[in-house]
Amino acid sequence: MKIAAVLGSPRKNGNEHEIDRINIVDFDVNGCLACGACMDVQDEPGCVQNDDVPSLFERLIEADAVVYASPLYCWGFTSQMKAFLDRHICLIKNYGGPDYKSFVGGKPVALLVTCAGPLENNADLIQQVFERIGHYGQCKIVGKHVLAGCTTPEELGDRARETAEALVRGFTGA
C-alpha cells in the first residue's frame, strides 16, 4: 500500500508501508487565486499557478491512501497546510452536478493532529474542516486522530504507537 503523508508542520523534523512524506514547508505552495481556471479543465486538476502544487496533487492521486498531519494552530491547520488544502478545489470537477468527479474520490484519508491543549473546544473545528474537505472530495474518511496535550515528540509516549496502529487499521480494515 502506498500512503501519501501531507505534513503541515513548519518544523521539518517534527514529530512496513511505502510512505511518501510531503513536507509542505519544502515546497512552493501559493494560496488559491479563486480564478476558476481549474474548473475549465476536466481531465486534470488544471491549476494555472506555476508552483509545486500540481506535482503534489499527482502524488496524492497516485497514493492508495493519504494522511493529513498538522499541529493545531489557532483551532485549525497551519497556514502552510491551509494554503495547500484551499487548492484542493482543483481536484473536484462539476461539484453537485451529474458529472461530479473527484481525482481523489474513494481514496481513504485520515487526519492526525497534535495540540498542546485539550481536545474539547480546541481541536473540534479542525476535525470538522477535515470532514467537509473529505466529503467534498468524495474520500473515505477512515480516522481523525488528535493527540491532545502534546507539544514535543517526548510527550507522545505510547500514544504514538497506538495512533499509528489505529491509522493502519483504518487504511487496511484490519
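All figures in this text were calculated on a predicted structure; none of them were measured in a lab.

J.: Where do I start with the overall build of the protein in this structure?
T.: Along its length, the protein carries four helices and seven strands. For the protein, the sequential pattern of α-helices and β-strands runs β-β-α-β-α-β-β-β-α-β-α. In terms of overall dimensions, the protein is globule-like: its C-alpha atoms have a radius of gyration of 16 Å, near the 16 Å expected for 174 residues. The 174 residues of the protein split such that 41% are buried. Summed over all atoms, the accessible surface of the protein reaches about 9,400 Å², with 50% contributed by carbon and sulfur. Between the centroid of the 16 positive side chains of the protein and the centroid of its 23 negative side chains there is a distance of 2 Å.

J.: Is there a simple way to think about empty space enclosed by the protein in this case?
T.: Once rolled over the atoms, a probe with the size of a water molecule shows which space is left empty. Taken as a whole, the largest cavity spans an internal volume of roughly 120 Å³. Along the wall of the largest cavity there are 14 residues; nearest its centre are Tyr68, His88, Ile133, Gly134 and Cys139. At four residues, the largest contribution of residues to the lining of the largest cavity is made by helix H3 (residues 124–136). The residue makeup of the lining of the largest cavity, split by class, is 11 nonpolar, three polar and no charged.

J.: What exactly am I supposed to notice about the pairing of strand E6 (residues 108–114) here?
T.: It is a general feature of regular strands that their side chains alternate between the two faces of the sheet. Among the seven residues in E6, six count as buried, and that is most of the element. Here seven bridges tie E6 to strand E7 (residues 140–147), and the two strands are oriented parallel to one another. Of the residues in E7, the one forming a bridge with Val113 is Val146. What joins E6 to E7 is H3, and the crossover it makes is right-handed.

J.: So what exactly am I meant to see when it comes to the pattern of salt bridges here?
T.: With the rule as written, the count across this model stands at four salt bridges. The residue Asp86 makes a salt bridge to Lys82 at a minimum N-O spacing of 2.6 Å. Taken together, the residues span about one helical turn, with Asp86 and Lys82 both in helix H2 (residues 79–86) at a distance of four residues. The partly exposed category is assigned to Asp86, whose relative accessible area is 33%. Between Lys144 and Glu131 there is a salt bridge; the shortest N-O distance is 2.4 Å. With Lys144 in strand E7 and Glu131 in helix H3, this pair connects stretches of sequence that are 13 residues apart. A relative accessible area of 33% means that Lys144 is categorised as partly exposed. Given the relative accessible area of 30%, Glu131 is considered partly exposed.

J.: Which parts of the structure should I look at to understand the nonpolar core?
T.: Soluble globular proteins tend to pack their nonpolar side chains together in the buried interior. Judged by nonpolar contacts, the single largest core of 33 residues is most densely connected at Val6, Leu60, Val66, Tyr68 and Phe84. Listing elements by their share of this core, those giving two or more residues are strand E1 (2–7), helix H1 (53–62), strand E3 (65–71), H2, E6 and H3. Discounting residues that sit within four places of it in the chain, Leu60 has contacts with Ala4, Val6, Ile22, Val66, Tyr68, Phe84, His88 and Lys107.

J.: Mind showing me how you'd approach the environment of Leu119 here?
T.: Looking at the secondary structure, you find Leu119 in the loop between E6 and H3. As a C-alpha pair, Leu119 and Leu147 span 28 residues in sequence and 8.1 Å in three-dimensional space. Beyond its immediate stretch of four places on either side in the chain, Leu119 contacts Asp124, Gln127, Val146 and Ala148.

J.: I'm lost on the pairing of E3 in this one. Help?
T.: Within E3, seven of the seven residues are buried, which leaves it mostly tucked inside the rest of the structure. Side chains of E3 alternate between two faces, with Ala65, Val67, Ala69 and Pro71 and Val66, Tyr68 and Ser70 buried alike. Bridge count between E3 and E6: six bridges; the pairing is parallel. Bridge pairing in E6 places Val67 opposite Ala110.

Calculation rules
- Residues numbered from 1 in each chain as written.
- Predicted model: local features only at pLDDT ≥ 70, side-chain atom pairs only at ≥ 80, totals over all residues.
- Heavy atoms only, no water.
- Helix = DSSP H or I, 4+ residues; strand = E, 2+ residues; numbered from the N terminus.
- Rg over C-alpha atoms; globule rule 2.2 N^0.38 Å.
- Buried < 20%, exposed > 50% of the residue type's maximum accessible area, 1.4 Å probe, protein only.
- Areas by Shrake-Rupley, 256 points an atom, 1.4 Å probe, with all protein chains shown as cover.
- Lys, Arg positive; Asp, Glu negative; His and termini not counted.
- Charge placed at Lys NZ, Arg CZ, Asp CG, Glu CD.
- 1 Å grid on protein atoms, 1.4 Å probe; cavity = no way out; pocket = protein on both sides within 12 Å on 5 of 7 lines; lining within 4 Å.
- Points joined across faces, edges and corners; volume = space filled by probe spheres on them.
- Nonpolar A, V, L, I, M, F, W, Y, C, P; charged D, E, K, R; others polar.
- Pairing = 2+ DSSP bridges.
- Right-handed = clockwise from strand over helix to strand, strands pointing away.
- Salt bridge = Lys/Arg side-chain N within 4 Å of Asp/Glu carboxyl O.
- Core = buried A, V, L, I, M, F, W, Y, C linked by side-chain atoms within 4.5 Å.
- Contact = heavy atoms within 4.5 Å.

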